[in-house]
Amino acid sequence: MSEAYIVAAVRTPVGRRNGGLAGAHPADLGAHVINQVVSGVDPAAVDDVIFGCVDTVGPQAGDVARTCWLAAGLPEEVPGVTVDRQCGSSQQALHFAAQAVLSGTADLVVAGGVQNMSMVPMSSAMAFPGFDTPFSGSKGWAARYGTQEISQFAGAERIAADWALSREEMEAFALSSHERALRAIDTGRFEREIAPYEGVAVDEGPRRDTSKEKMASLRTLLPGGSLTAALSSQISDGAAALLVASERAVREHGLTPRARVHHLSVRGASPVVMLDAPIPATAHALARAGMSITDLDAVEINEAFASVVLAWLKATGADPAVVNPNGGAIALGHPLGATGAVLAVKLIHELERVGGRYGLQTMCEGGGQANVTIIERL
């Protein structure tokens, strides 16, 4: 079986809501990172473009992967396809790209994702006359799950309760996310992985003026709950892309592999709790790969909510020092369909920075799912 090598990985800065990227058309954001990763090859040799995106309406509709490629001015004969696995969409795009290369049916695939949440508000695709939710009117869903609330906020609160996570503990974690992100920005850790876009060169989410006192003053998202806006990911805009290559493509195009995909899998859990699937998915992935949590030199797990990551840390026993070492979505933001690719880009660059060998990436996803990718730095 062929190897699936990652030879290029780049992202835009992550813009905050109504910030520097708010007016950027999603196709142009995607085109920007695509042009970066194919700069070292004949773009006509690319077999496919696989992009993640959530809320594919308006400027994100019509197969935005294809639109991004064409907006980049690249050959029309190269196709594109858009993937929606909710927050894991672009991580799944990377999986599909790697699987195509591993199977021998493709040699060069661009994987990535794009999302402009300022331009296309979250859940825009779920708004439809007569349907309050995607499950409304489904007899099969009602027979299995009844009419209980299906909400990421309720799920995050339930995780906090199940794992006995206090608001103070979660606020300490959130503050650390901002501190780590600001340290990464101030020391230039992100400069190699970011392709500035029209004057925006730095992630806009991290807050220098935040504090435990400010966090403690916020009201909770749900009555009687413990989670606040400070303990959840930020609404954001951005894009990221990676170029996945086979051994043959590496030889023919004179490419230098930076990492290889060591393992990829995805697992499901309760769609009601929704956000705890990274726990069983990580256990499954490590068992399939014959690895231990201590084998990992870096981990990127999406900070959808502080409770998600803290529960995962308790369940896995991972070293907090190597988990989101440069901050996560609480500080840096979460441009839904792009986040999986953003995390992959961050993970590769962090392994290169510290000289680590193995890195793991995972994230909670709508429907109670979680992708896990383990990469090996070369």
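Residues numbered from 1 in each chain as written. Predicted model: local features only at pLDDT ≥ 70, side-chain atom pairs only at ≥ 80, totals over all residues. Heavy atoms only, no water.

A few points about the state of the cysteines
And step 1. For the coordinates displayed, the defined rule picks out 0 disulfides.
And step 2. Just so you know, Cys53 is unpaired, no disulfide at all, and the nearest cysteine sulfur is the one on Cys68, 8.0 Å from it. (Disulfide = S-S within 2.5 Å.)

Observations regarding the side chain of Thr12
And step 1. By the element assignment, Thr12 lies in the loop between β1 (5-11) and β2 (15-16).
And step 2. Among the residues examined, Thr12 registers a relative accessible area of 0% and is labelled buried.
And step 3. Setting aside residues up to four positions removed in sequence, Thr12 forms contacts with Leu21, Leu29, His32, Val33, Ile194, Ala195, Gly238 and Ala239. (Helix = DSSP H or I, 4+ residues; strand = E, 2+ residues; numbered from the N terminus. Buried < 20%, exposed > 50% of the residue type's maximum accessible area, 1.4 Å probe, protein only. Contact = heavy atoms within 4.5 Å.)

A closer look at the layout of surface pockets
And step 1. A volume near 1300 Å³ is recorded for the largest pocket.
And step 2. Surrounding the largest pocket, 48 residues form its lining, Met122, Gln152, Phe153, Ile235 and Phe305 being those nearest its centre.
And step 3. For the lining of the largest pocket, the elements supplying multiple residues, two or more each, are α5 (152-162), α7 (212-216) and β9 (358-365).
And step 4. Residues belonging to the lining of the largest pocket are distributed by class as follows: 25 nonpolar, 14 polar and 9 charged. (1 Å grid on protein atoms, 1.4 Å probe; cavity = no way out; pocket = protein on both sides within 12 Å on 5 of 7 lines; lining within 4 Å. Points joined across faces, edges and corners; volume = space filled by probe spheres on them. Nonpolar A, V, L, I, M, F, W, Y, C, P; charged D, E, K, R; others polar.)

Some words on the environment of Pro75
And step 1. Inspection of the secondary structure assignment puts Pro75 in the loop between α2 (64-71) and β4 (80-83).
And step 2. In the structure, Pro75 is positioned 257 residues away from Leu332 in sequence and 34 Å away in space, judged by C-alpha atoms.
And step 3. If we ignore the near neighbours within four places in the chain, the residues touching Pro75 are Pro43, Ala44 and Trp69.

Considering the packing of aromatic side chains
And step 1. Tallying each qualifying case throughout the model produces 4 aromatic pairs.
And step 2. A ring pair is formed by Trp141 and Tyr145, whose centres lie 4.6 Å apart and whose planes are at 45 degrees; its orientation type is tilted. With Trp141 and Tyr145 both in helix α4 (residues 139-145) and 4 residues apart, this pair spans about one turn of that helix.
And step 3. Ring geometry for Phe153 versus Phe305: centroids 5.9 Å apart, planes at 80 degrees, classification edge-to-face. Of the two residues, Phe153 is situated in helix α5 and Phe305 in the loop between β8 (298-301) and α10 (306-316); the sequence distance between them amounts to 152 residues.
And step 4. Stacked on the ring of Phe190, the Lys or Arg Arg11 has its end atom at 4.9 Å from the ring centre. (Phe/Tyr/Trp six-rings, centres within 6.5 Å; stacked < 30°, edge-to-face > 60°. Lys NZ or Arg CZ within 6 Å of the ring centre and 35° of its normal.)

Digging into α5
And step 1. Every buried residue belonging to α5 is among Gly155, Ala156, Glu157, Ile159 and Ala160, and all of these are buried.
And step 2. Contacts from the buried residues of α5 go to α6 (167-186) and α10.
And step 3. Measuring from the side-chain oxygen of the N-cap residue of α5 to the backbone nitrogen of Phe153 gives 3.1 Å; that N-cap residue is Ser151.
And step 4. Immediately beyond the C-terminal end of α5, within one or two residues, lies Ala164, with a positive phi of roughly 50 degrees. (Polar contact = N/O pair within 3.5 Å; in protein donor to acceptor, adjacent residues only side chain to side chain.)

Thoughts on the nonpolar core
And step 1. Met170, Leu275, Trp312, Val323 and Leu360 are the most contacted members of the largest nonpolar core, which totals 43 residues.
And step 2. At the level of secondary structure, the elements contributing two or more residues to this core comprise α5, α6, α9 (278-289), β8, α10, β9 and β10 (369-377).
And step 3. Broken down by element, this core gets its largest block of residues, 7 residues, from α10.
And step 4. Discounting chain neighbours no more than four positions away, the residues touching Trp312 are Pro278, Ile279, Thr282, Ile293, Val299, Ile301, Ala318, Val323, Leu360 and Thr362. (Core = buried A, V, L, I, M, F, W, Y, C linked by side-chain atoms within 4.5 Å.)

Description of empty space enclosed by the protein
Any space left empty among the atoms is revealed by the rolling of a water-sized probe across them.
And step 1. Counted according to the given criterion, the structure contains 3 cavities of 30 Å³ or more.
And step 2. Volume-wise, the largest cavity comes out at about 90 Å³.
And step 3. Around the largest cavity, the lining is made up of 13 residues, and of these Val14, Leu332, Gly333, Val342 and Lys346 lie nearest the centre.
And step 4. Those elements that provide at least two residues to the lining of the largest cavity are α11 (329-332) and α12 (336-354).
And step 5. Top element by residues in the lining of the largest cavity is α12. It accounts for 4 residues.

Concerning helix α1 (residues 26-37)
And step 1. Over its 12 residues, α1 extends 17 Å from the first C-alpha to the last, a length consistent with the 16 Å expected when each residue adds 1.5 Å.
And step 2. Summarising burial for α1: 9 of the 12 residues are buried, a large majority.
And step 3. Listing the buried residues of α1 in full gives Pro26, Ala27, Leu29, Gly30, Ala31, His32, Val33, Ile34 and Val37.
And step 4. On its buried face, α1 is in contact with β1, β3 (48-52), α2, β5 (108-116) and β6 (236-245). (Expected span 1.5 Å × (residues − 1).)

Quick word on the side chain of Glu350
And step 1. Topologically, Glu350 is positioned in helix α12.
And step 2. At 3.0 Å, the side chain of Glu350 forms a polar contact with the side chain of Arg353.
And step 3. Sequence-distant contacts of Glu350, that is, excluding residues within four places in its chain, are made with Ala298, Pro325 and Asn326.

In short, geometric facts, not functional conclusions.
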